[in-house]
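Residues per chain are reported as follows:
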Amino acid sequence: MFFRMLKGALFRQKSKMIMIAITIALGASLATAMLNIMLDVGDKMNQELKTYGANITVVPKESSVIDDLYEIEDGSTTKAFLKEEELGKIKTIFWAFNIVDFAPFSDTTAALSDGTAVKVVGSWFNHHLALPTGEELDAGVTSLRSWWEIKDGEWIDEQNSEGNSAMVGSVLAEKLGLSAGDTVTLSTDNGKETLKVVGIFDAGGDEDEQIFTTHDVAQKLSGTEGLLNSIEVSALTTPDNELAVKAAKEGPGSLTPKEYETWYCTAYVSSICYQIQEVITDSVAAPVRQVADSEGTILEKTQLLMILITILSLIGSALGISNLVTASVMERSNEIGLLKAIGARDYRITGIVLTEIIITAVFGGAAGYFMGYGFAQIIGQTVFSSSIEMKPMVIPIVAVLIVLVTLIGSIPAIRMMLRLRPAEVLHGR
Amino acid sequence: MSLLEIKNVSKIYGPLKALDNVSLKVENGEWVAIMGPSGSGKSTMMNIIGCMDKASTGEVLLDGVDIAKESDKKLTAIRRDKIGLIFQQFHLVNYLTAVENVMVSQYYHSMPDEKEALEALERVGLKDRAKHLPSQLSGGEQQRVCIARALINHPEIVLADEPTGNLDEDNENIVLDIFKQLHREGTTLIVVTHDPEVAEEAQRTVVLEHGRLVKEIINENFTD
């Protein structure tokens, strides 16, 4: 009889139940979308923030010490170098897959044909790497300095360029009257190189007065073949927590073996730096604190926003459910009064009404989950231009939240139902 | 011992005395009509006898048990086991069929038995309408479903509140015929009505005015 009553209530009161299911579906869809985005936003934000440049710089240990002592920001003043042959090892560390981009930098000062001294920086642009792991990667300045505005010409294309190419900073180009297609001759004690200007860029900083060229050209000019001044690394990182702060401040040696294991196996910027130092001889890898800290802060704030939206949507749902269920109970007060009059105990009436609502919630929640999947993909494509990965753990979380919200939303109706006296509704007393 | 004995019962709602020191005895198998104008306390009396409300003062003895002093839980059990209720507005569950409406009463009493429920509907002439929803039944048919539901658990006492109030003459006669049949079978009937023709069918009529029992009429012409 219980199932007959249930079936009758569900199928012969479709419109009411559909309204409740829609309310639950809306809450569930928002919760699903927000929870999935919240869980995926770390990677998405990281990828997004990678467009703002490297978050780790690797310099020779000696120059790092001298820089620290004399507070020199430009490492080129020292004569310590990193070995170019070790560059590929960066993609062999424990968190290799989190290294999304990296590039070596070599710089020197060269003289133009009129004797003007300019800083020449050599690096990769779209350098193709085929790693022993099978991974292939185009790394370099093109992606590490994606914010550069190309005022004239284009980026250096290492893979298809025919000869020595250069990109000239906008301030220097204006001073020298250079534009894309021109040539520029650079001389140092180590030789002379004629470069074709393929692009004029605006970086909005000191780089606007520099000439960027391919790494091998800069090495020839500086006479440092096989050596490099620094490496910039862009890595996907996990926001720092207390453990990461402790490791960064006091060093990994201060950690207990268990803490060390946790720290080493988490993509904290400090643990990635530590692992880079392990593979690059005599190097110091340091996070670019501004970028690393901003990433963590933005990520935390974004996740907080998602949690708040989820909570608010669930509160909205609970209020909606509360109104609808209360209205439904009021509408069914005669029926409930009658059931009490013919001997139904409160718990049996509550049981059947709650079962109706929970079944409706299950259908509404399931529909809401798939709607939420759609919302998440729309948000993912709109905001991050990529799809949101649906996390299986969201399903039980949403299920529990929906049941809780439905039960909480039903409390006022249940209270009203328990207070309802048959004589009042059946005889209008 | 009388099946029902009301002793000096009053029911007070704030400044209003809905029942004022009413006493009444109903014997087992008796058919009693309670008459009176609107506001005379008929429904209040039915609610108290039907264990849906409690007297403010006085005793209400049903089978010797003072129901005025029982807990809500106990009153629910008494309603379920001893009383069959018939309402003017029928109060059928609108999403259940006629037979399911009868079975609901069985479900909360003991075990639902569709065969028995169909027999109850047959008794009120509605077996062929068993699978119809209340909205597909006429007023008279709905009232007969209500009667079948009231009788399905073999109550000691059947309380009917204006059972013919919403019916036309033909359906009124059908319902009264069912009551006569029930009385012949020994069912105790208490029928609240403001219709003298319905009251005349009972063995005894008590008249309420302003919450007081003002008159008691024995129907000399009563025949089964």
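Residues numbered from 1 in each chain as written. Chains lettered and ligands numbered in written order. Predicted model: local features only at pLDDT ≥ 70, side-chain atom pairs only at ≥ 80, totals over all residues. Heavy atoms only, no water.

**Q** So what's going on with the pairing of strand 4 (residues 57-62) of chain B? Residues and values would help.
**A** Two faces make up the sheet, and in a regular strand the side chains alternate between them. Residues and elements named next belong to chain B. Note: strand 1 (residues 4-13) against strand 4, 5 bridges, orientation antiparallel. Bridged to Glu5 within strand 4 is Leu61. Relative to strand 5 (residues 65-66), strand 4 is paired through 2 bridges, and the arrangement is antiparallel. Note on strand 5: the bridge partner recorded for Leu62 is Val65. Here strand 4 folds back onto strand 5, and the loop between the two strands holds 2 residues, one of which, Asp63, carries a positive phi near 55°. (Pairing = 2+ DSSP bridges. Helix = DSSP H or I, 4+ residues; strand = E, 2+ residues; numbered from the N terminus.)

**Q** Describe the nonpolar core, naming the residues involved and giving the relevant values.
**A** Counting 125 residues, the largest nonpolar core has Met5 and Leu339 of chain A together with Leu4, Met45, Leu121 and Phe179 of chain B as its most contacted members. Here this core gets 11 residues from one element, more than from any other, and that element is helix 2 (residues 14-49) of chain A. When sequence neighbours within four positions are dropped, the list of residues in contact with Leu339 of chain A reads Met5, Ala344 and Ile349 of chain A together with Val93, Val104 and Tyr108 of chain B. (Core = buried A, V, L, I, M, F, W, Y, C linked by side-chain atoms within 4.5 Å. Buried < 20%, exposed > 50% of the residue type's maximum accessible area, 1.4 Å probe, protein only. Contact = heavy atoms within 4.5 Å.)

**Q** Report on the sheet that holds strand 5 of chain B, specifying residues and quantitative values.
**A** Strand pairing within a sheet occurs via backbone hydrogen bonds; the two strands may be parallel or antiparallel. All names here are of chain B. Here we have 4 strands laid out as an open sheet, ordered 2-1-4-5, and antiparallel in their pairing. At either end of the open sheet lies a strand with only one pairing partner, and these are strand 2 (16-26) and strand 5. Where strand 1 and strand 2 come together, 7 bridges link them in antiparallel fashion. Residue Glu5 lies in a different strand from strand 2, and its bridge partner there is Lys25. Packing against the sheet, helix 1 (residues 42-49) makes contact with strand 1, strand 2 and strand 4, and its axis sits at approximately 120° to strand 1. (Axes fitted to C-alpha atoms, helices over the stretch in contact; angles between N-to-C directions.)

**Q** Explain the sheet that holds strand 6 (residues 83-86) of chain B to me, using residue names and the numbers behind them.
**A** Residue and element names in this part refer to chain B. As summarised here, the arrangement of the 6 strands in space is 6-7-8-3-9-10, forming an open sheet in which the pairing is mixed. One side of each edge strand has no neighbouring strand; the edge strands of this open sheet are strand 6 and strand 10 (212-218). The sheet shows a mean angle of 20° between the axes of neighbouring strands, taken without regard to direction. Strand direction decides the pairing type here: strand 6 and strand 7 (residues 157-161), joined by 4 bridges, are parallel. Each residue of the ladder has a partner; that of Gly84, found in strand 7, is Val158. Lying over the sheet, helix 1 contacts strand 3 (31-35), strand 6, strand 7, strand 8 (188-193) and strand 9 (204-209), oriented at roughly 155° with respect to strand 7. Against the sheet, helix 5 (residues 139-151) contacts strand 6 and strand 7, and its axis sits at roughly 170° relative to strand 6.

**Q** How would you explain the confidence of the model for chain B if you had to name every residue and give the values?
**A** Taken residue by residue, chain B gives an average pLDDT of 87. The fraction at 70 or more is 99%. Of the two predicted TM-score estimates for the complex, the pTM is 0.63 and the ipTM is 0.87. (pLDDT = per-residue confidence, 0-100.)

**Q** Describe the side chain of Asn101 of chain B, naming the residues involved and giving the relevant values.
**A** Relative to the helices and strands, Asn101 of chain B resides in helix 3 (residues 98-109). Sequence-distant contacts of Asn101 of chain B, defined by excluding residues within four places in its chain, comprise Leu92, Val93, Leu96, Pro134, Val145 and Arg149 of chain B.

**Q** How would you explain helix 5 of chain B if you had to name every residue and give the values?
**A** Taking 1.5 Å of rise per residue, the 13 residues of helix 5 of chain B would be expected to cover 18 Å, and the 19 Å separating its terminal C-alpha atoms lies within 8% of that figure. Burial within helix 5 of chain B is extensive, with 12 of its 13 residues counted as buried. On the buried face of helix 5 of chain B, the contacting elements are helix 11 (333-341) of chain A together with strand 6, helix 3, helix 4 (114-123), strand 7 and helix 6 (169-184) of chain B. (Expected span 1.5 Å × (residues − 1).)

**Q** Could you give me a rundown of the interface of chain A and chain B, with the residues and numbers involved?
**A** The interface is formed by 28 residues belonging to chain A together with 29 residues belonging to chain B. Here chain A and chain B share an interface that buries about 2,900 Å² over both sides, 59% of which is from carbon and sulfur atoms. Counting across the chain A and chain B interface gives 3 salt bridges. Counting the contacts that link chain A with chain B gives 5 residue pairs in polar contact (both at pLDDT 80 or more). Elements with a contribution of two residues or more to the side of chain A that touches chain B: helix 1 (2-11), helix 11, helix 12 (346-384) and helix 14 (422-426) of chain A. No other element matches helix 11 of chain A, which puts 6 residues into the side of chain A that touches chain B. (Buried area = accessible area lost by both parts, 1.4 Å probe. Salt bridge = Lys/Arg side-chain N within 4 Å of Asp/Glu carboxyl O. Polar contact = N/O pair within 3.5 Å; in protein donor to acceptor, adjacent residues only side chain to side chain.)

**Q** Break down the packing of helix 7 (residues 242-250) of chain A against helix 8 (residues 257-264) of chain A for me, with residues and values.
**A** Residues and elements named next belong to chain A. Viewed as axis vectors pointing N to C, helix 7 and helix 8 meet at an angle of 100°, and their least axial separation amounts to 10 Å. The angle between helix 7 and helix 8 places the two elements in the roughly perpendicular class. Residues Leu243, Ala244, Lys246 and Ala247 of helix 7 form the contact with helix 8, whose participating residues are Glu259, Thr262 and Trp263. (Parallel < 35°, antiparallel > 145°, perpendicular 65-115°, else oblique.)

**Q** Quick rundown of the pattern of salt bridges? Include the residues and the values.
**A** According to the stated counting rule, one finds 28 salt bridges over all chains in the structure shown. Glu356 of chain A serves as the salt-bridge partner of Arg332 of chain A, at 2.7 Å between the closest nitrogen and oxygen. Taken together, the residues span a long stretch of sequence, with Arg332 of chain A in the loop between helix 10 (289-331) and helix 11 and Glu356 of chain A in helix 12 at a distance of 24 residues. As far as burial versus exposure is concerned, Arg332 of chain A and Glu356 of chain A are alike and both buried. A salt bridge links Asp346 of chain A to Lys340 of chain A; its shortest N-O distance comes to 3.2 Å. Three or more residues are tied together by salt bridges with common partners; here these are Arg4 of chain A together with Glu100, Glu114 and Lys131 of chain B.

**Q** Tell me what's going on with unusual backbone geometry, and back it up with residues and numbers.
**A** Most peptide bonds adopt trans geometry, and most residues besides glycine take a negative phi value. Residue and element names in this part refer to chain B. Its identity is not glycine, yet Cys51 carries a phi of approximately 60°, on the positive side. Tracing the backbone through its elements, the reader meets Cys51 in the loop between helix 1 and strand 4. The backbone phi angle of Asp63 is positive, close to 55°, even though this residue is not glycine.

**Q** Explain the environment of Val325 of chain A to me, using residue names and the numbers behind them.
**A** All names here are of chain A. Within the secondary structure, Val325 is located in helix 10. Judged by relative accessible area, Val325 falls into the buried class, the value being 2%. Counting along the chain gives 305 residues from Val325 to Ile20, while the straight-line C-alpha distance between them is 7.6 Å. Not counting the four nearest positions on each side in its chain, Val325 is found in contact with Ile20, Ile357, Ser410 and Ala413.

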